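# Reading the structure
Here is what each chain is made of, one letter per residue.
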Amino acid sequence: MSDRKAKSKVSAGTWTPLLLATTMLTGVAAPALAQNNTNNANANASSSSNDEIIVTATKRSENIQNVPMSIQAIGTERLEQLNVQSFNDYAQFLPSLTYQSLGPGFARTFMRGVNSGDNGNHSGPLPSVGVYLDEQPITTITGALDLHVYDIARVESLAGPQGTLYGASSLAGTVRIITNRPDPSSYSAALSVEGNAVDNGGAGGVVEGYMNIPLAPNAAIRLVGWKEHDGGYVDNVHRTMTYPTCAAGFVGAVFVGNDGTCTVDNAGRVENNYNTTDTYGARMALRVDLNDNWTITPQLMAQDQRTAGVFAYDPRIGDLQVAHFLPESNHDNWYQASLTINGRIANLDLTYAGAFMRRAVTSQSDYTDYSYFYDSVAGYYIYNDNGTLLHNPSQGILGRDRYTKESHELRIASPEQDRFRFIAGLFYQRQIHNIEQRYVIDGMFDNWEVHGWPDTIWLTEQQRIDRDWAAYGQASFDITPQLTATGGIRFFKSHNTLFGFFGYGSGFSGQTGEAACFGGSINTSPPFPNFLNYHFHGAPCVDLDRGIEESGNTWSTNLTYHLNPDMMVYGTISTGFRPGGVNRRIFQQALFNSDTLTNYELGLKSSWDQNRLRLNLAVFEEDWHNFQFSFLGANGLTEVRNAGDARIRGVEGDLTWRPFEGFTLSAAASYLWQLELLQNYCALLPDGSQTTTCSGADLLAPAGSRLPVTPHLKADLTARQEFQLMNWDSYWQIAMVHQGSAPQDMRTVESAIIGELPAYTSFDLSAGIQFPLFDVDFFIRNVTDERGELYRYTECQVANCGTQHFYIVPIQPRTFAVRLSRQF
């Protein structure tokens, strides 16, 4: 995300054929099931005959109906049935989960309303929801990896704080993506080809597949590959724009003239359907059973994604239209290497899971809205190269983000059939984010540039490091055959630092950037005086070196009672934790502290009529203490403050019903009747202290204000009928998703300006036939072409440029698709 706004950056790419042979998605499969993933079992093992769903949310393989927490799992077949290919696709079918997306690769995930409306800035809070790929966390500082969903055993959504087993990034919940593992027992392979077109937009396609190859009775390799091109649907239309201060030629009351560049024209960048996406990637996993007790599974996964344009539209310009003047693109590529070792020592199961991930994002963004606001409202101006005439102030952003992340976990578990059983482990992760963002004005006055960076009015050259150490344990005891007590605790330590340079050149500002470098006129007593001459990653000097260390514990306790083999009730109290961090500007509160969440939950899990009907419910209250709130402050620089306490109360549940042969009805919903602040949120003084009075303009959000972004109601409903058509297995399916309205911003003034995210309901239709040699599926996404809104944003402070206009990120418009697949 950019320094001075929360906005997506996207880039162009081309669609090329996939060369790696690959897998079929069977369009007429039985209802989807999450699969067993025991230490030495295949993650894609077949389900049992009574359609039980096996999950590993508690780091043991268990029937989902026996796990005493609110959890949803979407298995391989249901992922296919719902035509899931990306995060956006499966997130809409997880009612406890909400998200805001600015384009592929930049989704921010929230659960159960634990969301203050943060802007996702690179120097802001850590995510509140952890995302795992198999055993390894893949949550980067600005959000999780947006991996292409294919050959996935299941997606698990664990609502509520998971601080005991999953740690600091799971304040509000955890999402787990479990891949299918190599299977030494048999060869299998498949291939799927899809063509699609957005209504009134561009065309796209997908090629994906896998091969599972036994190498020996105790070894196998699994190769997976995909290539996807998504057609665009946002048009960049022709406009001109005149900067009034520049055109008038006045600096204050003095006329200096201009160089004739004050009117800009985007004729050279006009393009229909210009927000295209090209994604390709591969996964390779090896499984070796060393003996009956020990298995090693190394895995390498990589993905390259290029997008062009923006995935939002400007309602002032028109539906699915913008008028941008500068290049916009994004290139996001990453790889992850992981190793899992499963074994047994005596009667204890031992697991080691380690991973290293590297991610690189190169982007360019149009920032002319910000430029226009400061020219027209604030009267800022830019001189030309020789400093004599006013010049076109249009800004673009050139970004280079480089991430690395490593994690290690070692745990032991006693036999799950024991009356007393436990899991204990050690965990460590270290995440580095090297941040480079240049705000560029072509042809600007040389003396105003950041030294050493031509045409750069603002430079961010920082390194952020987030570290986390933990030791945890959880134990369960069967008090009676029906009643079980469980308790767990996690001891943690976190250390987060931010180091480097941010700001203007010394010729442009006397207070920030070069003027504030350590050893200079403002920061006269730095920890290391020679920082004035330390050119961190080419920056002119260092003006930022802050960190925060915290330690403590999170815990959980649970009582579970089985009324009968098909019905269970439980009660849980659990806590979650998110580390604090660093504010950058010296004229504001230097640090923000950790926030915590306490969850009180009662739940029911039940199966009826020989498992033809399954109903799960949970009612909960969550108290969010000292919550972190990030927003754009003065000059569009992100600030983070602890905003007080909030409370969320709600109920969530899911239902699966098979009333007759071949027909399945699936539904899930979350209803949050309370999403509110428990105390006033007031303006703060620069040192972090509260103003003496909290009224009028100083009262930013009164007690009782609603938390933003999350709707009161989110629900989905899927009806599927499988039948025989001329002896061919066939089906039809309809899926509905509803999301209620929600404010975009927590603060009263800003919320009134930018408005609400309106409620919407979308429908998907699909049908298919399984022929002897191949399957064919037809589907339509967003049948009614609903313009559901995922996010609203502005490019500077809402109270300023929000009065002029904002952008809307919609769900994908109506899309038609056909898919052919073949299993070998």
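What counts, and at which threshold
Residues numbered from 1 in each chain as written. Predicted model: local features only at pLDDT ≥ 70, side-chain atom pairs only at ≥ 80, totals over all residues. Heavy atoms only, no water. Helix = DSSP H or I, 4+ residues; strand = E, 2+ residues; numbered from the N terminus. Buried < 20%, exposed > 50% of the residue type's maximum accessible area, 1.4 Å probe, protein only. Contact = heavy atoms within 4.5 Å. Areas by Shrake-Rupley, 256 points an atom, 1.4 Å probe, with all protein chains shown as cover. Lys, Arg positive; Asp, Glu negative; His and termini not counted. Salt bridge = Lys/Arg side-chain N within 4 Å of Asp/Glu carboxyl O. Disulfide = S-S within 2.5 Å. Pairing = 2+ DSSP bridges. Patch = residues over 30% accessible without salt bridge, like charges linked within 9 Å, V, L, I, M, F, W, Y side chains within 5 Å. Polar contact = N/O pair within 3.5 Å; in protein donor to acceptor, adjacent residues only side chain to side chain. pLDDT = per-residue confidence, 0-100. Phe/Tyr/Trp six-rings, centres within 6.5 Å; stacked < 30°, edge-to-face > 60°. Lys NZ or Arg CZ within 6 Å of the ring centre and 35° of its normal.

Each helix and strand in the protein chain was counted, giving six helices and 49 strands. Of all 824 residues assigned to the protein chain, the portion counted as buried reaches 62%. Counted over contacts in the protein chain with a minimum sequence separation of 6, partners at least 24 positions apart contribute 72%. With an accessible surface of roughly 29100 Å², the protein chain has 57% of that area assigned to carbon and sulfur atoms.

Moving on: the side chain of Arg 467. One can find Arg 467 in strand 27 (residues 456–478). Here Arg 467 sits buried without a salt bridge, and the closest side chain of opposite charge, Asp 466, lies 7.5 Å off (N-O distance). Apart from residues no more than four positions distant in its own chain, Arg 467 is found in contact with Gln 429, Arg 430, Lys 493, Ser 494, His 495, Asn 496 and Thr 497.

Take the state of the cysteines next. Using the criterion set out here, one finds three disulfides in the structure. One disulfide bridge connects Cys 682 with Cys 694, the sulfur atoms lying 1.8 Å from each other. Handedness of the Cys 682-Cys 694 disulfide follows from its S-S torsion of about -100°: it is left-handed. Here Cys 682 is found in strand 39 (residues 681–682), whereas its partner Cys 694 is found in the loop between strand 39 and strand 40 (699–701), with 12 residues between them in sequence. Here Cys 682 and Cys 694 have matching classes, each one buried.

Here we take up unusual backbone geometry. For Asn 200, which is not glycine, the phi dihedral falls at a positive 60°. Considering the arrangement of structural elements, one finds Asn 200 in the loop between strand 12 (188–198) and strand 13 (203–216). The backbone of Leu 320 shows a phi angle near 55°, a positive value even though the residue is not glycine. For Leu 320, the location among the structural elements is in the loop between strand 21 (295–308) and strand 22 (321–322).

Inspection of every chain in the model, using the stated rule, returns 35 salt bridges. With its nearest N and O atoms 3.7 Å apart, the salt bridge here joins Glu 750 to Arg 747. On the accessibility criterion, Glu 750 (13% relative accessible area) is buried. The class of Arg 747 is buried, set by a relative accessible area of 11%. Counted as one network, the salt bridges with shared partners bring together Lys 59, Glu 135, Glu 409 and Arg 411.

Okay, the sheet that holds strand 10 (residues 152–159) next. Hydrogen bonding along the main chain pairs the strands of a sheet, whether they run parallel or antiparallel. What the five strands build is an open sheet, ordered 3-10-11-6-7; its pairing is mixed. Strand pairing shows two members of the sheet lacking a second neighbour, strand 3 (71–75) and strand 7 (136–137), which therefore form its edges.

Topologically, Val 737 is positioned in strand 42 (residues 728–739). Residue Val 737 is classed as buried on the basis of its relative accessible area of 3%. Considered as a pair, Val 737 and Ala 669 are 68 residues apart in the sequence and their alpha carbons are 9.8 Å apart.

Looking now at the pairing of strand 49 (residues 815–823). By the bridge criterion, nine bridges tie strand 12 to strand 49 in an arrangement that is antiparallel. Of the residues in strand 49, the one forming a bridge with Ser 192 is Ser 821.

Here Pro 298 shows up in strand 21. Spatially, the C-alpha atom of Pro 298 lies 9.8 Å from that of Ala 353, the residues being 55 residues apart in sequence.

Let us look at a nonpolar patch on the surface. A cluster of nonpolar residues, Leu 602, Val 619, Val 651, Tyr 671, Trp 673 and Leu 713, forms a patch on the protein surface that exposes about 510 Å² of accessible area. Following the sequence through the fold, Val 619 ends up in strand 34 (residues 613–625).

Relative to the assigned elements, Asp 478 resides in strand 27. For Asp 478, a relative accessible area of 19% puts it in the buried group. Only 2.7 Å separates the side chain of Asp 478 from the side chain of Thr 484, close enough to count as a polar contact. Apart from the residues within four sequence positions on either side, Asp 478 is in contact with Asp 418, Arg 419, Arg 421, Leu 483 and Thr 484.

A word on helix 4 (residues 368–376). Of all the nine residues making up helix 4, seven are buried; the element is thus mostly covered by neighbouring parts of the structure. Along helix 4, the residues classified as buried are Thr 368, Asp 369, Tyr 370, Ser 371, Phe 373, Tyr 374 and Asp 375.

Overall, the prediction assigns the protein chain a mean pLDDT of 87, with 89% of residues at 70 or greater. For the stretch residues 1–50, pLDDT sits under 50, and the model shows 244 contacts to residues farther than four places along the chain or on other chains.

The next subject is the packing of aromatic side chains. For the coordinates displayed, the defined rule picks out 32 aromatic pairs. Each ring, one from Trp 624 and one from Phe 627, has its centre 4.8 Å from the other, and the planes form 35°; the classification is tilted. Here Trp 624 and Phe 627 have matching classes, each one buried. Ring pairs connect the aromatic residues Tyr 381, Tyr 383, Phe 445, Trp 448, Trp 458, Phe 502, Tyr 504 and Phe 508, which therefore count as one cluster. Over the face of the ring belonging to Tyr 403 we find Arg 359, whose NZ or CZ atom lies 5.3 Å from the ring centre. Lying across the ring of Tyr 731, Arg 720 places its NZ or CZ 4.1 Å from the centre.

We now examine the pairing of strand 21. Across 11 bridges, the pairing between strand 20 (residues 277–289) and strand 21 is antiparallel. Each residue of the ladder has a partner; that of Tyr 280, found in strand 21, is Asp 304. Once strand 20 ends, the chain turns through five residues before running back antiparallel as strand 21. Direction of pairing for strand 21 relative to strand 23 (residues 329–345): antiparallel, over a ladder of 14 bridges. Looking at the pairing, Gln 299 lines up with Ser 338 of strand 23.

Positionally, Arg 181 belongs in the loop between strand 11 (173–179) and strand 12. Judged by its relative accessible area of 11%, Arg 181 is buried. Taking the C-alpha atoms as reference points, Arg 181 and Leu 223, separated by 42 residues in sequence, lie 10.0 Å from one another.

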